[in-house]
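# Close look at the chain arrangement
Here is what each chain is made of, one letter per residue.
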Amino acid sequence: MMTTTKSASALPLNTILDGDCVAEMAKLPDGSVDLIFADPPYNLQLKGELHRPDNSRVDAVDDAWDQFSSFEAYDRFTSAWLAEAKRILKPDGAIWVIGSYHNVFRLGAELQNQGFWILNDVVWRKSNPMPNFRGKRLTNAHETLIWASRSEGAKYTFNYEALKALNEGVQMRSDWVLPICTGHERIKGADGAKAHPTQKPEALLHRVILATTQVGDVVLDPFFGTGTTGAVAKMLGRDFIGIEREATYREVAKTRIAKIRKFDRQALEVTASKRAEPRVPFGQLIERGMLRPGEELWSLNGRHKAKVRADGTLIGDDIKGSIHQVGAALEGAPSCNGWTYWAFKRDGKMVPIDLLRQQIRAEMHAH
């Protein structure tokens, strides 16, 4: 039980703290953080190596930081860090935790034990999951996020309209279909191996941070890893605090956040398909980092421009709305196909945004 109240000293904003998450959180003042995103160790119960049908070895999460001697040890650890998390959250703050079937139920129970108020559980359905090579279980194609306010009745932040806009005007549901980290986003070490076995995609953090914080809020990640939370927080104008005890991960995260990944040129190399295609919300381009908030779009006829907002809407000439609504308003037309109307500039050239949609569709077909 806390007997002393920590003074509201200056927070170590936009830094990565070196150390154990419980000890480092203990140094932070009471009620100082707006949001916590936690991706704690999964306590995976992997027995022996996994091999693909061609006998190549699967990269399992077998790092020492992900192992606990027993469920009791894991529960003690969970109780300790969640107690510190609750103390440092502002009264109207909130927490997101993410886990797999190995640990998410234990996390959920401890959240409720400590008086957090669960708002939603969200299923992140992976559009490109790892196959189940042994054939003894269902392919594990999702992870579960729990979103909870600090206490029942707290006035937590929820940007409902922004999420609806991000989803092209449709209310956002609690099942999110997003790909795991691959290709341009997957960070690799000098040896070509994955820098971190469970790197989370920026799209996932974009949605979480956009939905449940405001610009200028402080987002804490006590299991910082390679810094996805910090990178997305920086892009969206939020401050972050990271805690990471592994020096290798800290270095990767520092380098990553210092430069924030630039536009992926490969996204332009896909030609459009003519057959019926799945719907791609424009907001997904922003979530995936293909376009950035604040970036300008230009009409292909060169007459108009508008600025991209974080929730996938545009603003131009004081008109706000979807890519279709703003295009129609600027042209004085009853309707407009924003996908074929708007373009962005790269290396001095106008590139239609539809090429980015085709890139995402190509990925859908590949899986």
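Throughout this description, residue numbers start from 1 for each chain and increase along the sequence as written. Reporting of local features is limited, given that this is a predicted model, to residues whose pLDDT is at least 70; pairs of side-chain atoms are given and counted only at 80 or more, and all residues count toward the totals for whole chains, interfaces and linings. Neither water nor hydrogens contribute to the side-chain values; these are computed over all heavy atoms in the structure.

### So, the overall build of the chain
To be explicit about the condition: Numbering of helices and strands starts at the N terminus; helices are DSSP runs of H or I of at least 4 residues and strands are runs of E of at least 2. Summary of the burial criterion: residues with accessible area below 20% of their type's maximum are buried, those above 50% are exposed, and those between are partly exposed, where the area comes from a 1.4 Å probe applied to protein chains only. Only heavy atoms matter for contacts: two residues are in contact if any of them lie within 4.5 Å across the pair. Residue burial considers only the protein chains on display, and all accessible areas are found by Shrake-Rupley using a 1.4 Å probe.
Across its full length, the chain holds 11 helices and 14 strands. Relative to its 367 residues, the chain shows a buried fraction of 50%. Put simply, 70% of the contacts in the chain that link residues at least 6 apart link residues at least 24 apart. Working note: accessible area of the chain is about 17,800 Å², and carbon and sulfur atoms make up 51% of it.

### Examining the pattern of salt bridges
Rule in force here: The term salt bridge refers to a pairing of a side-chain nitrogen on Lys or Arg with a carboxyl oxygen on Asp or Glu at a separation within 4 Å.
Per the counting criterion, the structure on display carries 19 salt bridges. Note that Asp30 and Arg87 form a salt bridge whose closest N and O atoms lie 2.6 Å from each other. Residue Asp30 is found in the loop between α1 (21-25) and β2 (33-38), and its partner Arg87 is found in helix α2 (residues 71-88); the two are separated by 57 residues along the sequence. Classification of Asp30 as partly exposed rests on a relative accessible area of 26%. When its relative accessible area of 9% is taken as the criterion, Arg87 is described as buried. Ionic pairing is found between Asp39 and Lys200, a salt bridge with its closest N-O pair at 2.9 Å. Here Lys200 lies in the loop between β6 (175-178) and α5 (202-212) and Asp39 lies in the loop between β2 and α2, a separation of 161 residues in the sequence.

### Description of the sheet that holds strand β10 (residues 305-308)
Convention followed: Two strands qualify as a pair provided DSSP detects at least 2 bridges between them. Angles shown run from 0 to 180 degrees and are taken between the N-to-C directions of axes, each axis being a line fitted to C-alpha atoms and, for helices, limited to the stretch in contact.
The antiparallel open sheet is built from six strands, whose spatial order is β12-β11-β10-β9-β13-β14. Only two strands of the sheet have a single partner each, and these edge strands are β12 (319-321) and β14 (349-352). Averaged over all neighbouring strand pairs, the angle between strand axes comes to 35°, with direction disregarded. As paired elements, strand β13 (residues 342-346) and β14 share four bridges and run antiparallel to each other. Bridge pairing in β14 places Lys345 opposite Met350.

### Notes on the layout of surface pockets
Worth spelling out the cut-off: The way it works is a 1 Å grid over only the protein atoms, where trapped points that fit a 1.4 Å probe form a cavity and open points with protein on both sides within 12 Å along at least five of seven lines form a pocket, and then any residue with an atom within 4 Å of a point lines it. Grid points are joined across faces, edges and corners, and a volume is the space filled by probe spheres set on the points. Only Asp, Glu, Lys and Arg are considered charged in this grouping, and only Ala, Val, Leu, Ile, Met, Phe, Trp, Tyr, Cys and Pro are considered nonpolar; every other residue, Gly among them, is considered polar.
Approximately 520 Å³ is the volume found for the second largest pocket. If you go around the second largest pocket, you meet 23 residues; those closest to its centre are Val177, Arg207, Pro281, Gln284 and Met364. The element that contributes the greatest number of residues to the lining of the second largest pocket is β6, accounting for four residues. Within the lining of the second largest pocket, the residues separate by chemical class into nine nonpolar, six polar and eight charged.

### Thoughts on empty space enclosed by the protein
Across all of its chains, the model carries one cavity of 30 Å³ or more by this definition. Each pocket or cavity is described by its volume, and for the largest cavity that value is around 30 Å³. As for the largest cavity, its lining consists of His206, Met235, Leu236, Ile286, Arg292 and Pro293. Among the residues making up the lining of the largest cavity, the classes are represented as four nonpolar, one polar and one charged.

### So, a nonpolar patch on the surface
Applied cut-off: Nonpolar side chains (Val, Leu, Ile, Met, Phe, Trp, Tyr) are joined into patches within 5 Å and like charges within 9 Å, using only residues with over 30% relative accessible area and no salt bridge.
On the surface, Tyr156, Phe158 and Tyr160 cluster together to form a nonpolar patch covering roughly 260 Å² of accessible area. Secondary-structure assignment places Tyr156 in the loop between β5 (142-149) and α4 (160-166). The class of Tyr156 is partly exposed, set by a relative accessible area of 34%.

### With respect to the sheet that holds strand β1 (residues 15-17)
Overall, mixed pairing links the eight strands, which are arranged β1-β8-β7-β2-β3-β5-β4-β6 in an open sheet. Among the strands making up the open sheet, the edge pair consists of β1 and β6. Taking each pair of neighbouring strands and ignoring which way they run, the sheet shows an average axis angle of 20°. Pairing between strand β7 (residues 218-221) and strand β8 (residues 239-243): four bridges, direction parallel. When the bridges of β8 are listed, Leu220 appears paired with Ile241. Along the sheet, α2 makes contact with β2, β3 (89-99) and β7, crossing β3 at roughly 145°.

### Quick look at helix α9 (residues 323-331)
Residues Ile323, Val326, Gly327, Ala328 and Leu330 constitute the buried set of α9. Positive backbone phi, at 65°, marks Gly332, one or two positions downstream of α9.

### Examining the pairing of β7
Stated formally: Seen with its strands pointing away from the viewer, a crossover is right-handed if its path from the first strand over the helix to the second goes clockwise.
Burial of the side chains of β7 extends over both faces: Val218 and Leu220 are buried on one face and Val219 and Asp221 on the other. As defined by bridge partners, β2 adjoins β7 across two bridges and the pair is classed as parallel. Considered in β7, the bridge of Ile36 is made with Leu220. In this fold, β7 hands off to helix α6 (residues 228-235), which returns the chain to β8; that crossover is right-handed.

### Topic: the confidence of the model for the chain
Note the threshold: How sure the predictor is of each residue is captured by pLDDT, a score from 0 to 100.
Mean pLDDT over the chain stands at 82; residues scoring 70 or higher make up 80%. Between residues 44-66, whose pLDDT stays under 50, and residues either more than four places distant or in other chains, the model counts 47 contacts.

### Quick word on the packing of aromatic side chains
For the record, the criterion: For this analysis, a ring pair means two rings from Phe, Tyr or Trp (six-membered ring only for Trp) whose centres lie within 6.5 Å, classed as stacked if their planes differ by under 30 degrees, edge-to-face if by over 60, and tilted for the remaining angles.
Applying the stated criterion across every chain yields a total of 10 aromatic pairs. When the centroid spacing of 6.0 Å and the interplanar angle of 40° are considered together, the rings of Trp96 and Trp176 count as tilted. A residue pair is termed long-range when its members are at least 10 positions apart, and Trp96 in strand β3 and Trp176 in strand β6 qualify at 80 residues. Exposure class is identical for Trp96 and Trp176. Each is buried. Consider the rings of Phe282 and Trp339, whose centres lie 5.9 Å apart with planes at 65°: the pair is edge-to-face. Taken together, the positions of Phe282 in the loop between α7 (247-259) and α8 (283-287) and Trp339 in helix α10 (residues 338-341) put the pair 57 residues apart, joining distant regions of the chain. By relative accessible area, Trp339 is classed as buried at 4%.

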